[in-house]
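Breakdown of the fold
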Amino acid sequence: MKEFFAKRYRALGDMAQIFLDEVKMVFTDEGVIIFFLLVPLLYPLLYSWLYNNEHVEDVPAIVLDESKTSASRDFIRRCDAAADLKVVGYANDMEDAKKVMMKQGCRGIIVIPSTFSSDIARGKQTTVSLFVNMSGMMNYKALLMTLTDVSLEMGSEIQIQKLGSITTREDEISTHPIESQAVAMFNPRSGYGSYLLPAVLMLIIQQTLLLGIGMSAGTAREDNRYEDLVPMSRRYGGMYRIIFGKGFCYFLIYALMATYLTIVIPRLFHFVQLATLHDLVPILLPYVLACIFFGMTMSCLIRHRENVILVIIFTSVPILFLSGVSWPGASISGYWKGLSYLFPSTFGINAFVKMNSLGATLNDVRSEYYCLWAQVAVYFLLACLVYWWQIRMAHKHVLHNEKERERRKHASKFNIFYRH
Amino acid sequence: MLGAFFDIAKREFRNMISHPTLYAVFMIIVPVCVVFFFTDLMHEGLPEKLPVGIVDLDNSAMSRKLTRTLDAYQNTKVVARFPNVREARKAMQKMDIYGFLLIPKGTEAEAVAQRQPKVSLYYNASVLLAGSLIYKDMRAVTTLGGAAIGQAKLQALGFTPKQIQAFLQPIVIDTHMLSNAALNYNSYLSTTIIPVCLSLFIILITAFSIGIELKYNTAPEWMHRANNNIVLALLGKFVPQTIVFTLVMWFATYWMYFVNDFPYQCSPWFLFLLAFLVVIVSQGFGIFMFGLVPSLRMSMSVCALWGVLSFSISGFTFPVDAMDTELQMLSWLFPMRSYFQVYQINVLNGFPLYYTWSYFVAMLVFILLPILVLWHIKKALTKYIYIP
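Residues numbered from 1 in each chain as written. Chains lettered and ligands numbered in written order. Predicted model: local features only at pLDDT ≥ 70, side-chain atom pairs only at ≥ 80, totals over all residues. Heavy atoms only, no water.

1. Topic: the interface of chain A and chain B
By a widely used convention, the size of an interface equals the accessible area lost when the partners come together. Listed by partner, the interface residues are 112 residues for chain A and 112 residues for chain B. Overall, the association of chain A and chain B removes approximately 10200 Å² of surface from exposure, summing both partners, and the carbon and sulfur fraction of that is 67%. In terms of surface lost to chain B, no three residues of chain A exceed A:Ile178, A:Phe314 and A:Trp327, which account for 8% of the buried area on that side. At the junction of chain A with chain B, the criterion picks out 3 salt bridges. Across the salt bridge formed by A:Asp364 and B:Lys90, the nearest N and O atoms sit 3.5 Å from each other. (Contact = heavy atoms within 4.5 Å. Buried area = accessible area lost by both parts, 1.4 Å probe. Salt bridge = Lys/Arg side-chain N within 4 Å of Asp/Glu carboxyl O.)

Right under this line is the structure:
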């Protein structure tokens, strides 16, 4: 009995030592410092700065007014007055307008036909053409929306003139028998930052953790005489000791980082933030744990520390796409979806977006919640397996080496010519 | 001189073949996978049949017609009917649906009695693409639904169909989406995201393959083969890689523009030339970065951190014009910004090269950047020892 406790006590001591070793490594290895501390701290600031303006305003457009009447001028004025569009000039002909577009002076060309006001006066339908440079969807959307709005607004005014109804209310009803009201939920300004940032923030947690863990594993292997992941020391004799000792170190750092990324950054830059830290902890806890054990499992594949950078960087953007934020999750085919279940980020990003941007409760994201815990369990077991195997390998290498030395010693005793 | 060059080039080829896990995987297999990944993920072009819901409190012929019409639209699919707004909102928060249409009680009766009922469309704006597509379809359905009623009234008044059309919509906007008429998101995103990914790989591998010589202490032997001539050493090392990368890049180009038929308006030769340019620009940038921080790990870290930003600052999703002025200037420091501008001006829109000369100059600068740090690289290769 006493021995049992002594053994546990020693294991705890070993764990503490492994933890301290790892902490020391994190704060002395410059590669790990970069990815564990600098990137999570600075990258979100950088991204927030990039998308600070949230949406496009005053997209430049050039007007080719073939009508040159008060009606066409009215149309142009209304376009120019809208927030998203800015009329930067008037062209005499299409060639002129095209030249401005080639010079990147404008993103769109608005062509008002010569029959514009006569068509309206005669009760004929008139067509305004919009030529858009399709290199940027945001610009395209801004131009199209503005022109559509202006055409509808002017259109109903024209209808009202035509109708000659008795009351203005009757006018309204005849032009819009059914009124429709659009509500942009969860991101009222349709801001680009509010859309992309939550996903990027969660991805940063996973990718930097994987980088840091992978680098530390790579260093451990390179420092090891036999390129083993586990150093040959009595302390590193048990897999639970190693996993909990190292894991606790990463967990402490990332408890802070996750709070900073999910709470401080959105507040600093006024992104949509519906969840409090209290709401998010139940998701962040399994997410960080799943990432840590995932990283530990993957670290067995890492032979050299620099390869980690290659692997992580190569996978970052595809993983972001797999999470179903940029490309809608409903349109991702089955096999890619299956692949996406391997990464904690898929569930982490979705749960965070739903809670933080859409105001879902924990109950609403329970499928992600369970999946994350399932990943924690699976990757924990896999990490155990990996370390168990690695400890065995380390023992084997050392034993083999001992034997070899013995054999050589033995051989040299009998045959001095048979020395290698 | 030429002998030394071929000697080093041969050494590099041998290097690539003898370390397949490193070079074959990261130079060929992973890039090709990335090409397949993006083009296949977005093969629909525009997401189709996005799930939406209906809150039909009216239960009338009209509300059912609206539902059916919405379901028939290409981008939306009505997957659920909810008894009230609360349930629908819950489903939105779980992202089971991206939007819903609320048809209040008495909509049909009020419309017929000319009391102007109000239909509300709710869409999730925090997922931009899905949200805007659903908005477009729902807006069209409600506008047309309203128009149908107006049409009935005007018909009763004895107007001809043409007159009715002109009355209901006096001004039509005819949008000409230059060079991407189908609004294909696959061609819009893949044509930039894939080259940016590949360029990032090239930059990293370039820095990696110089640094690894330091790490394994093979740099002296390398320099010795080059007769201590750093230009020769670098050329000998990177020309074989240029060949491999160019082939991969050409495959990506072929796959995008000739298999997937993404639109382009330049000569096909220009596509391949641009692909080659991306390769050497990235290599120049990678060598330069290594020259700035001549250590394997640090140079790779810097390249990675710098390269990842290219996705944002090349401006293909969020336009650079809409970013802060400082960022607009900083965007010149990213090789892939120049690529994107050349792509969108010359390739996508087919405008003359004259309009992109400044970006070609920028690319040339990136290719020549290593000259600035040659002495530094040489010093690193001959004097430094690898510190892990």
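Still to come is the rest of the account.
2. Considerations on the environment of B:Phe82
Residue and element names in this part refer to chain B. Counting through the fold element by element, Phe82 comes out in the loop between strand S2 (76-81) and helix H4 (85-93). On the basis of relative accessible area, Phe82 is assigned to the buried category, the value being 14%. With near-sequence residues (within four places) excluded, Phe82 lies in contact with Gly53, Ile54, Val55, Asp56, Glu87, Ala88, Ala91 and Ile97. (Helix = DSSP H or I, 4+ residues; strand = E, 2+ residues; numbered from the N terminus. Buried < 20%, exposed > 50% of the residue type's maximum accessible area, 1.4 Å probe, protein only.)

3. Considering the packing of helix H10 (residues 230-259) of chain B against helix H16 (residues 370-383) of chain B
Residues and elements named next belong to chain B. Relative orientation of the contacting elements H10 and H16 amounts to 85°, with a least axis distance of 10 Å. Viewed along their axes, H10 and H16 adopt a mutual orientation that is roughly perpendicular. Judged by residue contacts, Ile230, Val231 and Leu234 of H10 engage Leu374, Ile377, Lys378 and Leu381 from H16. (Axes fitted to C-alpha atoms, helices over the stretch in contact; angles between N-to-C directions. Parallel < 35°, antiparallel > 145°, perpendicular 65-115°, else oblique.)

4. Looking at the environment of A:Ala182
By the secondary structure assignment, A:Ala182 is in strand S5 (residues 179-185). For A:Ala182, a relative accessible area of 31% puts it in the partly exposed group. Residues contacting A:Ala182, with those up to four places away along its chain left out, are B:Leu121, B:Tyr123, B:Tyr135 and B:Arg139.

5. A short note on the side chain of B:Thr253
All names here are of chain B. Within the secondary structure, Thr253 sits in helix H10. Since its relative accessible area comes to 5%, Thr253 is described here as buried. Those residues within four positions of Thr253 in sequence are excluded, and the remaining contacts are Phe258, Leu271, Phe272 and Ala275.

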